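Below, each chain spelled out in residue letters.
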Amino acid sequence: MAGEPRPSRRDFLRGRLGRAGAEPHPRPEAPAAPSSGSHGAAAPGALGGALPASPSPDRQVGPRRQVTLPVHRPPGAVHEAAFLAGCTRCNDCITVCPVDAIVLAPARFRHAAGTPMIDPYTSPCRMCTDIPCIAACKPGVLRSDQPLKMGVAYIERAACLAYAGSFCTVCSEQCPVPGAIELLSARPHIRPDICTGCGVCAYVCPAPSNAIVVMPLADRAGAPSNAGPELT
Amino acid sequence: MNAVIDRREFLKQTALATATAAAAGGAFSLPVLGGQEGASLKWNKAPCRFCGTGCHVMVGTENGRVVAIQGDQKADVNKGLLCVKGYHVGLALYGRDRLTTPMLRKDGRLVPISWDEAINTIAIRIAASPKTFALYGSGQWTVGEGFAGNKFMKAGLGSNQIDGNPRLCMSSAVTGFLSTFGVDEPPGVYDDLDACDVAIMWGNNMAEMHPVLFSRLVDRRSRGEKVTIIDFTTRRTRTSDLADHLLLFKPHGDLAIANGVAHLLIRNNSFDRAFVEKHCNFRQLGAKPDEKTPPDMLGVPMTFEEYARAVEPYTPEKVEELSGVPADKIRMLGEMFGRRDLKINSLWCMGMNQHTRGTAINCLVHGIHLLSGHFGKPGDAATSLTGQPSACGTVREVGTLCHLLPGGRLVANAEHRKEAEELWNVPEGRIAAKPGYHTIEMFKRFNTPTDQGGDITTLWVQVTNPSQTLPNLQRNFLEKKSLGDKFLIVSDVYPTATTELADLILPSAMWVEKNGMYGNSERRTQHWFKLVEPPGEARDDCWQLIAVSHKLLEMGVDGMKGRDGKWIFHTAEKSGREVPIWNWAHYYDVNVDERLFEEYRPFTTKKHKNLAPYQEYVKARGLRWPVVQQPDGSWRETRWRFSEFDDPFVAKGREFQFYHSVSKDDKALIWFRPHEFPPEMPDKDYPFWLCTGRVLEHWHSGSMTRRIPQLHRAVPRAYVEMNREDADRLGIRNSEVVTVKSRRGQIDLPVWIGGRGDPKSGEVFVPFFDETRLINLVTLDEYDPYSRQPDYKKCAVTIVRKG
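The numbers attached to residues start from 1 for each chain and follow its sequence in the written order. Each chain gets a letter, beginning with A, and each ligand a number, beginning with 1, in the order they are written. The predicted origin of the model limits local features to residues at a pLDDT of at least 70 and limits the giving and counting of side-chain atom pairs to 80 or more, whereas totals for whole chains, interfaces and linings rest on all residues. Calculated side-chain values reflect all of the structure's heavy atoms, with hydrogen atoms and water omitted.

Visitor: What's the story with the overall build of chain A in this structure? I'm lost.
Guide: A count of helices and strands for chain A gives 6 helices and 6 strands. Numbering of helices and strands runs from the N terminus; a helix is a DSSP stretch of H or I covering at least four residues, while a strand is a stretch of E covering at least two. Counting from the amino terminus, chain A carries its helices and strands in the arrangement α-α-α-β-β-α-β-α-β-β-α-β. For every residue, the accessible area obtained with a 1.4 Å probe (protein chains only) is divided by the maximum for its type, and the residue is called buried under 20%, exposed over 50%, and partly exposed between those limits. Taking all 232 residues of chain A together, 51% fall into the buried category. In chain A, the proportion of contacts linking residues at least 24 apart, taken out of those at least 6 apart, comes to 69%. Summed over its atoms, the accessible surface of chain A is roughly 10,700 Å², and 56% of this surface lies on carbon and sulfur atoms. Residues are treated as being in contact if the distance between any of their heavy atoms lies within 4.5 Å. Only the protein chains shown count as cover for residues, and the accessible areas themselves come from Shrake-Rupley with a 1.4 Å probe.

Listed below in structure tokens is the structure:
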């Protein structure tokens, strides 16, 4: 038979349980997926940091307005303007991340392109206890004295199996932050004050249409009030 | 109501018009994603590929691919709801490593070969030694596949060396039904879930194993109905969370509990005297089986007084001592059974069947239902739930076990053989009288050198993964690696632990890549049509059997001809011209599945398991047998067997009639079976009980579900559930990898404390879906002497910290 696929580092640490062993089989490619396009690149809930679409030319008046929607930054990130100014794009955080959770923001992030971010639907932050990305950040835009909160997750109840007559507790089982997802009457409830927005719940949600939306933090500590539109 | 509004809102937002049917009767369905409603998207019905519940799905196909799945609103079983596996069932077809070409092991390496060479290789092996060839099938075989396999072996080769994996999963339920009613399969149906006042889970984690049925039950609460759920279990599970009474018992304590209920019914004089006098006899075991006395399932009669004396010692206090369930809870249960105004539905699955006293506990649970008259009315039933989609429909009904013929007939019975030979149109004396080897024996003999009594030399495995699912794997299968003269043929859709051992691998078509029929837990026979082409050179399992049979015919093997000198699978058009169905290019020129089903139907009337014509199933979302034609020509299914109000075979005025009664007087048997201790119990060296089982997200050995990304991410690997007290005592942390070790083998697993299930102190639980961590290296292969079903739920292990 075909040899066992070589475990990647991401495979190595996938899941909260048992930090050993690789995914045994290659996965079907995303386009092959019937009934569930929700984990692919075009995940419906993947709101991570995209700028709004370019305004049409005829509506463009005056100097172009700089609108910044929040980017899903790794844990301990400083205020966004300081982050953009300070991040040297050295990729050290990406190199040390043991689960390949940190990626370079693609071109659609415009001025933020090339800076480190997390796409929880592809590979969430696993909330390492030693937080190697912060330790590796030489310019100090990821800092251990900052809150680890990256964002917050919401459950779209209409899509959640547990709210639709089926049984499912996967998000609460795999959540790496104790107490962030509670089960009440066998249904998950997210505590926004405890949730760090790591995105593990969104990554593991097995509902036909992913029932978790992860919002990056809109205003990280120290952000000036005019940093961007509020997301409520 | 919120859920409904939310869903409608969601549908509007996502503009998916495919699942607009609103919830009816309290059922739910989630919207379908992935498919675009359009002219080229076609929807067809099919039963779900996974478990024995038998949910129906609507399969959306476009450009030759399955692109969407939706719960079938028209299906009685699930009313549009699916479990997490069901919503993703379409993905089971599209794992990247589907097997697409036959492969033969040459000099230790698997090399692609042609189908001609593959079929030829098998035929040569069989022709050289037909009596040492065995076929190991599956409860995932379609009805047609099982029938073809059974005919090929029993009416073709004249060999009974055919068994199926339901031996590991359902055979104690079979012996329970046979001992009690004289005929297999539940008298009740899923409708009992809608009508019962009390549902008792006998070691049954229904919320994870039959989630759609459990939803059907608990959903009644949201409609304001009262349903009391009693969860008898050895570990807290997801079912326990929704149960009114969680009654934790010691492993193997279930026998004492059932006897305790019988004791109370008699002591309180609350049993149903009229029902018992009119419809029941009492039985107990005869001589204890030993080398000279084979196990006798029929036992010896006993009087009511003798029965009452036999259950006399099972006082609530004694039962508490034996089972660990508090005496007052036993009294509560006894009182419930004593009430005529309550409707009680007992439900079980592997907890009672994978049990070295599986037949006994099955008989005892039927017994307390009969004794208390909780039988044969909507809501009053004792129903075993199956794990595989067609364990009932194929293996139990078509009889693909070493001792059975189709329709519940026995190879050991000369009259039954004669009837089968007539129906199959093969010469008298073709079918062998001696049963073949049951599963464990079959594999032991395949796993033993031929000159040391290993008289199975060629084994063909279809649609199952024994190298992961047999108990005590090393002793029962893995030795094969070093035995040069053994030949293993495996038909499967993905590389599995079993294909690793194979000498010849045949790529199979699966589910909607072929025509098929399944039969679920409630006697419901279901049908589907082929919707998409199988990948590469993958072909139907049924065709593989037929092609080998034809090759043997060409080689002049006598058994492949019937009385008329024609091939046993001879198939002709209406004009009389033969269709060469052994040639894949012509296999779908006719509907072979329909031909085989119509050939099978006459067998089903022999034991009142009547099936309707094939075309009736094409129209229906399954029909529950016996299906009997009405004066107006329509076909009517039966829900409650043996009850006059519903079963057409019960004589008028009889109220109940057990027309296959073991005692030949239309009465059912109430058995006394004593409490006994299991063969292996925890001791100083191996202080923990090990229980194995499934999880919601994965189905059996995981060969399909582990290739579905959503399911694999949800539960990526096996684990060992431990009680917190035990873990603290041993200094074990959550997620720490420990060694689970028994007298037979060991594996390393991460610990999960306070997880989805929570074993009692002194017990651990491990799921068996993970092929990279084979818990069956550790399990015990002791089995029930009557059903020959092994006990995967109880053996002694120790937990060792690493490093």
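Back to the write-up after that little detour.
Visitor: Looking at this structure, I do not really get the packing of aromatic side chains. What am I missing?
Guide: Two measures describe an aromatic ring pair: the distance that separates the ring centres and the angle between the ring planes. Residue and element names in this part refer to chain B. Stacked, edge-to-face and tilted labels apply to pairs of Phe, Tyr and Trp rings (six-membered ring for Trp) whose centres lie within 6.5 Å, assigned for plane angles under 30 degrees, over 60, and everything in between, in that order. According to the stated counting rule, one finds 40 aromatic pairs over all chains in the structure shown. Here the aromatic rings of Phe-275 and Phe-375 are separated by 6.3 Å at their centres, their planes lie at 50°, and the arrangement is tilted. Here Phe-275 is found in helix α11 (residues 273-279), whereas its partner Phe-375 is found in the loop between α16 (358-371) and β15 (381-384), with 100 residues between them in sequence. Each member of the pair Phe-275 and Phe-375 is classed as buried. Of the aromatic side chains, those joined through ring pairs into one cluster are Phe-177, Phe-181, Phe-275, Phe-375, Phe-642, Phe-649, Phe-656, Phe-658 and Tyr-659. Geometry around Phe-765 places Arg-235 over its ring, the cationic atom sitting 3.6 Å from the centre. Consider the ring centre and the ring normal. A charge sits over the ring if Lys NZ or Arg CZ is within 6 Å of that centre and within 35 degrees of that normal. One Lys or Arg, Arg-539, reaches over the ring of Trp-543 and ends 4.9 Å from the middle of that ring.

Visitor: Hey, could you run me through the packing of helix α4 (residues 143-157) of chain B against helix α23 (residues 541-554) of chain B in this one?
Guide: Each pair of packed helices gets described by two things: the angle between the helix axes and the distance between those axes. Residue and element names in this part refer to chain B. The geometry of α4 relative to α23 is characterised by a closest axis approach of 8 Å and an angle of 20° between their N-to-C directions. Judged by the angle between their axes, α4 and α23 are roughly parallel. For the pair α4 and α23, the crossing hand works out as left-handed. From α4, Gly-144, Glu-145, Ala-148, Gly-149, Phe-152 and Leu-157 reach across to α23, where they touch Asp-541, Cys-542, Leu-545, Val-548, Ser-549 and Leu-552. Axes here refer to lines fitted to C-alpha atoms; in helices the fit is confined to the stretch in contact. Angles between the N-to-C directions go from 0 to 180 degrees. In what follows, roughly perpendicular refers to angles from 65 to 115 degrees, roughly parallel to angles under 35, roughly antiparallel to angles over 145, and oblique to any angle outside these ranges. When the near helix sits turned anticlockwise from the far one by under a right angle, the crossing is termed left-handed; a clockwise turn instead gives a right-handed crossing.

Visitor: Got a minute to help me understand the pairing of strand β4 (residues 181-184) of chain A in this structure?
Guide: In regular strands, side chains alternate between the two faces of the sheet. All names here are of chain A. Pairing analysis gives 4 bridges linking β4 to strand β5 (residues 187-190), with the strands arranged antiparallel. Bridged to Glu-182 within β5 is His-189. Here a strand pair is declared whenever DSSP counts at least two bridges between the two strands. Hairpin connection between β4 and β5: a loop of 2 residues separates the two successive antiparallel strands, and Ser-185 in this loop has a positive phi of roughly 50°.

Visitor: Looking at this model, I keep getting lost on the pairing of strand β6 (residues 212-216) of chain A. Mind explaining?
Guide: All names here are of chain A. Most of β6 sits inside the fold, with 4 of its 5 residues counted as buried. Bridge analysis of strand β3 (residues 151-155) against β6 gives 5 bridges, and the strand direction is antiparallel. Residue pairing in the sheet places Ile-155 in a bridge with Ile-212 of β6.

Visitor: Can you walk me through the pattern of salt bridges in this structure?
Guide: Oppositely charged side chains can pair when the atoms bearing their charge come close. Residues and elements named next belong to chain B. The salt bridge definition used is simple: a Lys or Arg side-chain nitrogen within 4 Å of an Asp or Glu carboxyl oxygen. Across all of its chains, the model carries 62 salt bridges over all chains by this definition. Put simply, Lys-530 and Glu-533 hold a salt bridge, and the shortest N to O gap is 3.3 Å. Given a relative accessible area of 57%, Glu-533 falls into the exposed group. A salt bridge links Glu-616 to Lys-619, with the shortest nitrogen-to-oxygen separation between them at 3.3 Å. Here Lys-619 and Glu-616 lie together in helix α26 (residues 614-619), a separation of 3 residues that amounts to about one turn. On the basis of relative accessible area, Lys-619 is assigned to the exposed category, the value being 60%. Overlapping salt bridges, with partners in common, bring together Asp-76, Asp-191, Glu-522, Arg-524, Arg-624, Glu-637 and Arg-639 in one network.

Visitor: Teacher, can you tell me more about helix α13 (residues 316-323) of chain B here?
Guide: Each full turn of the α-helix corresponds to 3.6 residues, which orients residues three or four apart in the same direction. Residue and element names in this part refer to chain B. Listed as buried for α13 are Pro-316, Val-319, Leu-322 and Ser-323. Down the axis of α13, the buried set is contained in an arc of 120°. They therefore lie on one face. Considering only its buried residues, α13 is in contact with β11 (245-248), α10 (254-267) and α14 (327-338). Gly-324 occupies a position one or two residues after α13 and carries a positive phi of about 85°. By construction, the arc corresponds to the directions joining the helix axis to the C-beta atoms.

Visitor: Would you mind going over the sheet that holds strand β27 (residues 688-693) of chain B with me for this structure?
Guide: Sheet strands line up and pair through hydrogen bonds in the backbone, either parallel or antiparallel. Residues and elements named next belong to chain B. The 6 strands lie next to each other as β27-β32-β28-β30-β29-β33, forming a closed barrel whose pairing is mixed. Adjacent strand axes in the sheet meet at a mean angle of 45° when their direction is disregarded. Alignment of strand β29 (residues 737-741) against strand β33 (residues 795-801), held across 4 bridges, turns out to be antiparallel. Bridge pairing in β33 places Val-738 opposite Arg-801.

Bear in mind that shape data such as this cannot, by itself, settle questions of function.
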